[in-house]
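Breakdown of the fold
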Amino acid sequence: MAEGQRVGMSRSELRHPSLRVPFHGVRVPPELPDDLRTRCLAARLLMPDGAALSGATAASLLGLPVPTVVDPSLDPRLPLDVVVPPGAPRPRVVGVRVRSGRTGAPAGDRRLLVVRPARAWSSLGRVLALDDLVVLGDAVARHGGGLAAMRAELASHERLAGRDTLAAALSLVRERVDSPQETRTRLLLVRAGLPEPAVNVDATADDGAGWLATPDLAWHRVRVAVEYLGDVHRSARGRWRKDVARREVLEDHGWKVLFATADDLTHRRRIFVDRVTHALRERGLRW
């Protein structure tokens, strides 16, 4: 409110019912969207210089996948995560979880600094379950600086909270993963004892025709592929057509293509694993 008074707003204007009050002492005009970024900008007014958004807040702002139960963009009741440099004051603000620590080299602008993707991942080691860390790590490996950045995070933090879980997750992180469900499909198959498939590696024709498709998961030697189909594949007509065309091209060149859905990763897990196992063994793969 002090900022508003400095620019000439009266107390009655600052108490106008049209203004939102995300945090004590902060007013937000109605024309600004009531979303995560606006909440973060409001919280920034109460933080010291050098403070950066971290944890699930940072991951969500960066467009990285975090579980719904910790995603503040989906539930405004969840506190924002902020890290302040060592020695800086740690304001006590209802709705903001402030801790002291290294921010690394945060990205963003002066109004809204966000820790780098690998730092956001490492800060969630004691918050997320193993598979959720692998999902997040796969996304960081693809879009946020790669495996090297995550390895550097672990190497530079001897007392990192959840370090053992993070190390276990990192051993399962793969590059080139396109979606969280691709990650979960791969983990399900590998944990069932199947050989690990290649992730989004091009399939090419033996007859010199060149590139055929890029399956989500594939065992190239025996020409077996698994494609994950989410609801968007069914509801988006163009996406569905591409899925059909890709399957036909692969099958025309001797591939066996299996589809996985959300049901296969939940209550049909055993049936799905058996289908893939049968396809691999039918093609002569032994393990």
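One can find the structure itself at the top, above this paragraph.
My aim in this report is to walk through the structure given alongside it, one point at a time. Here the structure is a predicted model, which is why all the values come from computation and not from measurement.

This part takes up the overall build of the protein. Scanning the protein from terminus to terminus reveals twelve helices and eleven strands. Dimensions of the protein, computed from C-alpha atoms along their principal axes, come out at roughly 75 × 45 × 40 Å. Across the 287 residues of the protein, 43% fall into the buried class. Contacts in the protein between residues at least 24 apart in sequence constitute 54% of all its contacts with a sequence separation of at least 6. Of the roughly 15500 Å² of accessible surface on the protein, a fraction of 51% belongs to carbon and sulfur atoms.

Tracing the backbone through its elements, the reader meets T277 in helix α12 (residues 269-282). At 2.8 Å, the side chain of T277 forms a polar contact with the backbone oxygen of V273. Filtering out sequence-adjacent residues up to four positions away, T277 remains in contact with L194 and W287.

It is worth spelling out empty space enclosed by the protein at this point. Scanning the entire structure with this criterion turns up one cavity of 30 Å³ or more. Approximately 40 Å³ is the volume found for the largest cavity. The wall of the largest cavity is formed by C40, A43, R44, M47, A51, A52, L53 and V82. Counting residues per element, the ones that place at least two in the lining of the largest cavity are α3 (36-44) and β1 (52-53). If you tally residues by element for the lining of the largest cavity, the top one is α3, at three residues. Taken together, the residues of the lining of the largest cavity sort by class into seven nonpolar, no polar and one charged.

Attention now goes to the pattern of salt bridges. Scanning the model with the defined rule gives 16 salt bridges in all. The salt bridge partner of R44 is D49, with a shortest N-O separation of 4.0 Å. Exposure remark for D49: the relative accessible area of 68% places this residue in the exposed category. Residue R119 is joined to E153 by a salt bridge in which the shortest nitrogen-to-oxygen separation is 2.8 Å. Of this pair, R119 sits in helix α5 (residues 117-122) while E153 sits in helix α7 (residues 146-156), placing them 34 residues apart in sequence. Comparing R119 with E153 shows no difference in burial state: the two are buried. Taken together, the shared-partner salt bridges in this structure form one network comprising E227, D243 and R246.

Let's shift gears to the environment of L130. Summarising the element assignment, L130 is placed in helix α6 (residues 130-143). Between the alpha carbons of L130 and A168 there is a distance of 7.6 Å; along the sequence they are 38 residues apart. Beyond its immediate sequence surroundings of up to four residues, L130 is in contact with T165, A168, A169, L172 and R191.

The next point concerns helix α9 (residues 180-191). Along an α-helix, residues three or four apart share an orientation, since each turn contains 3.6 residues. Between the first and last C-alpha of α9 there are 17 Å, a value that for twelve residues agrees with the 16 Å anticipated at 1.5 Å per step. Within the span of α9, buried status applies to E182, T183, T185, R186, L187, L188 and L189. Downstream of α9 by one or two residues, G193 has phi in the positive range, about 100°.

Core analysis: the biggest nonpolar cluster contains 24 residues, and F23, M47, V82 and V96 have the highest contact counts within it. Elements supplying a minimum of two residues to this core: α3, β1, β2 (80-84), β3 (96-100) and β5 (112-114). With residues near it in sequence (within four places) discarded, F23 still touches R39, A42, A43, L46, L80, V93, V94, G95 and V96. With 23 residues, the next largest nonpolar core counts A59, V134, A169 and L187 among its residues.

Turning our attention to the layout of surface pockets. Estimated volume of the largest pocket: approximately 490 Å³. R99, S123, L124, R126 and V127 are, among the 25 residues lining the largest pocket, the residues nearest its centre. Among the secondary structure elements, those contributing two or more residues to the lining of the largest pocket are α4 (55-61), β2, β3 and α5. Residues that form the lining of the largest pocket fall into these classes: eleven nonpolar, seven polar and seven charged.

What counts, and where the lines are drawn
Residues numbered from 1 in each chain as written. Predicted model: local features only at pLDDT ≥ 70, side-chain atom pairs only at ≥ 80, totals over all residues. Heavy atoms only, no water. Helix = DSSP H or I, 4+ residues; strand = E, 2+ residues; numbered from the N terminus. Buried < 20%, exposed > 50% of the residue type's maximum accessible area, 1.4 Å probe, protein only. Contact = heavy atoms within 4.5 Å. Areas by Shrake-Rupley, 256 points an atom, 1.4 Å probe, with all protein chains shown as cover. Polar contact = N/O pair within 3.5 Å; in protein donor to acceptor, adjacent residues only side chain to side chain. 1 Å grid on protein atoms, 1.4 Å probe; cavity = no way out; pocket = protein on both sides within 12 Å on 5 of 7 lines; lining within 4 Å. Points joined across faces, edges and corners; volume = space filled by probe spheres on them. Nonpolar A, V, L, I, M, F, W, Y, C, P; charged D, E, K, R; others polar. Salt bridge = Lys/Arg side-chain N within 4 Å of Asp/Glu carboxyl O. Expected span 1.5 Å × (residues − 1). Core = buried A, V, L, I, M, F, W, Y, C linked by side-chain atoms within 4.5 Å.

Function cannot be read off these values alone, since they describe shape.
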